[in-house]
Number of protein chains: 2
Amino acid sequence: MAEQNVYDNEEFFNGYTQIRNQESNKNNIFEKPALFSLLPDLKDKTILDLGCGYGENCMEFIRKGSGKVIGIDISKKMLEVARKENSDSRIEYKNMPMEEIGSLKEEFDIVVSSLAMHYVQDYSGLVKNVFRLLNKNGLFIFSQENPLNTCFTTGNRWTRDENDEKIFANISNYGMDGERESKWFINNVKKYHRTFSTTINTLIEKGFEVKKMIEPVPTKEILEKHPEYKDLFHKPDFLLVKAVKKYRTV
Amino acid sequence: MAEQNVYDNEEFFNGYTQIRNQESNKNNIFEKPALFSLLPDLKDKTILDLGCGYGENCMEFIRKGSGKVIGIDISKKMLEVARKENSDSRIEYKNMPMEEIGSLKEEFDIVVSSLAMHYVQDYSGLVKNVFRLLNKNGLFIFSQENPLNTCFTTGNRWTRDENDEKIFANISNYGMDGERESKWFINNVKKYHRTFSTTINTLIEKGFEVKKMIEPVPTKEILEKHPEYKDLFHKPDFLLVKAVKKYRTV
């Protein structure tokens, strides 16, 4: 099983830190509001954050009333920042790949993951572990890159017209689940593509009921401030899913 | 509300009849097996078929044990063929647009629809009606064009390399639900695009639990016989969904 730790690569870490610090990045405008819109009232809730990174969301869960948060991340560098910038007595940071959460002893009301699922090769195994870690009626809420993004293999991502306007998003091998290599600050960042069907069916097969999907696109207000985000109508960057643990009759 | 009846247009009907008669068409190879794989044991089941066309599926439901089938279609021409070629005392064909099923008095164990949903403008209203027509734990099983197909507006559907191989499927306005006009035998065939999220969320909002999605791609055996279908890995033609009526606690 491939556990990938690009975030501890210095070149990657520096590039990533830079875009994360731009206030108007797509995560802040699209992914984060969508993720938080899927959360229930967090009062006294116990939360596991898979791939917590800098721990910003962990801290936000505490601010919203959560009683206990465990944030795990494969990257020591990320957790160093998390412990410095987003520390709280109710947050515990653990250096652990998502693939190993089966070893956790706690039970949780909510398992959250922000933009980490597309790095997981064994999605089915992860979903199974999340199911086991959740209390009755527990929620699994995650964001990931949209399958229309992860499917891409190589070449131009966009077809442009004579005015250099993006007119088509180019997709390839959408129907073929599996590993993709891409360049994101450094070469050979591995991502795992799964169709919408695989993403949803795996949750259902492992005992979840799907409650909502979100593929964020810009509102009129966002477009006025950031007209360049109109391209997200061609191809949304993110997919978010909310699922609830079902008790099965078998 | 737009109820569209292109099937009674003579030019459309003739073109459609021609491709439906090719034995190895994509419907027979991909859509039909996927649709039937989602059906439960049909013994004594009461079925409503939305957009039944020639009635081939209605007849197949009877062969598989269904006790009563109602097939509705907006096209009189289609139903003429259905009554001639797929007639049975347990099948009733009704000339009715899908938008009007609210007027039906019967209750059903299963509502099926093969490749008709993308013609429906008011999907939400239709799903609401289907919910009302179903018995407790009733199933709603449908196929439609894949959202990666319906999203398209205008221009080239494919980017090809120097050997004329299709290397990218070109998608546009995927994130924008709504009407699309396209040419399929005749001009101005209206289809309605909905993202994967809208398709799934609407079912959930109206009281269904989603059980499975399928986006058919070729098997090795199909590829050996029909190598041209490899392009479906770039962009599957169909999406199938199975959902069960949930009893809500509110």
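Below: a short report on this structure. (Residues numbered from 1 in each chain as written. Chains lettered and ligands numbered in written order. Predicted model: local features only at pLDDT ≥ 70, side-chain atom pairs only at ≥ 80, totals over all residues. Heavy atoms only, no water.)

1. A closer look at the pairing of strand β2 (residues 68-73) of chain B
Residues and elements named next belong to chain B.
Here is step 1: Where burial is concerned, most of β2 is hidden: five out of the six residues are buried.
Here is step 2: For the handedness criterion, the β-α-β arrangement of strand β1 (residues 46-50), helix α3 (residues 56-63) and β2 is classed as right-handed.
Here is step 3: As defined by bridge partners, β2 adjoins strand β3 (residues 91-95) across five bridges and the pair is classed as parallel. Paired with Asp73 across the bridge in β3 is Asn95.
Here is step 4: Traced from β2 through helix α4 (residues 76-85) to β3, the parallel crossover comes out right-handed. (Buried < 20%, exposed > 50% of the residue type's maximum accessible area, 1.4 Å probe, protein only. Helix = DSSP H or I, 4+ residues; strand = E, 2+ residues; numbered from the N terminus. Right-handed = clockwise from strand over helix to strand, strands pointing away. Pairing = 2+ DSSP bridges.)

2. Section: helix α7 (residues 196-205) of chain B
Residue and element names in this part refer to chain B.
Here is step 1: Most of α7 sits out of view: eight of its 10 residues are buried.
Here is step 2: Taken together, the buried positions of α7 are occupied by Phe196, Ser197, Thr199, Ile200, Asn201, Thr202, Leu203 and Ile204.
Here is step 3: Downstream of α7 by one or two residues, Gly207 has phi in the positive range, about 110 degrees.

3. With respect to the pairing of strand β5 (residues 134-145) of chain B
Residue and element names in this part refer to chain B.
Here is step 1: Among the 12 residues that make up β5, nine are buried, leaving the element largely enclosed by the rest of the structure.
Here is step 2: Bridge analysis of strand β4 (residues 108-114) against β5 gives six bridges, and the strand direction is parallel. The residue of β5 that forms the bridge with Val112 is Ile141.
Here is step 3: For the crossover that starts at β4, traverses helix α5 (residues 123-133) and ends in the parallel β5, the hand is right-handed.
Here is step 4: As paired elements, β5 and strand β11 (residues 238-245) share seven bridges and run antiparallel to each other.

4. Describing the pattern of salt bridges
Any two side chains of opposite charge can pair if their charged atoms end up close together.
Here is step 1: Within the structure shown, the criterion is met by 28 salt bridges over all chains.
Here is step 2: Between Lys64 of chain A and Glu60 of chain A there is a salt bridge, with the nearest N and O atoms lying 3.9 Å from each other.
Here is step 3: For Lys68 of chain B, the salt bridge goes to Glu92 of chain B, with nearest N and O atoms at 3.2 Å. Here Glu92 of chain B lies in strand β3 and Lys68 of chain B lies in strand β2, a separation of 24 residues in the sequence. (Salt bridge = Lys/Arg side-chain N within 4 Å of Asp/Glu carboxyl O.)

5. Examining the state of the cysteines
Here is step 1: A complete count under the given rule lists zero disulfides over all chains for this structure.
Here is step 2: Of the cysteine sulfurs around Cys58 of chain A, a residue in no disulfide, the closest is that of Cys52 of chain A, at 4.6 Å.
Here is step 3: Take Cys151 of chain B: it sits in no disulfide, and the sulfur closest to it among the cysteines is that of Cys151 of chain A, at 12 Å.
Here is step 4: For Cys151 of chain B, a relative accessible area of 0% puts it in the buried group. (Disulfide = S-S within 2.5 Å.)

6. Quick look at the packing of aromatic side chains
A ring pair, where both rings are aromatic, is described by two values, the distance of the centres and the angle of the planes.
Here is step 1: Scanning all chains against the criterion turns up 17 aromatic pairs over all chains.
Here is step 2: Each ring, one from Tyr123 of chain B and one from Phe142 of chain B, has its centre 6.5 Å from the other, and the planes form 75 degrees; the classification is edge-to-face. Here Tyr123 of chain B, found in helix α5, pairs with Phe142 of chain B, found in strand β5; they are 19 residues apart in sequence, far enough to count as distant.
Here is step 3: Among the residues examined, Tyr123 of chain B registers a relative accessible area of 3% and is labelled buried.
Here is step 4: We classify Phe142 of chain B as buried; its relative accessible area is 0%.
Here is step 5: Site record: aromatic cluster; members linked through ring pairs are Tyr123, Phe131, Phe140, Phe142 and Phe208 of chain A.
Here is step 6: Stacked on the ring of Phe131 of chain A, the Lys or Arg Lys245 of chain A has its end atom at 4.5 Å from the ring centre. (Phe/Tyr/Trp six-rings, centres within 6.5 Å; stacked < 30°, edge-to-face > 60°. Lys NZ or Arg CZ within 6 Å of the ring centre and 35° of its normal.)

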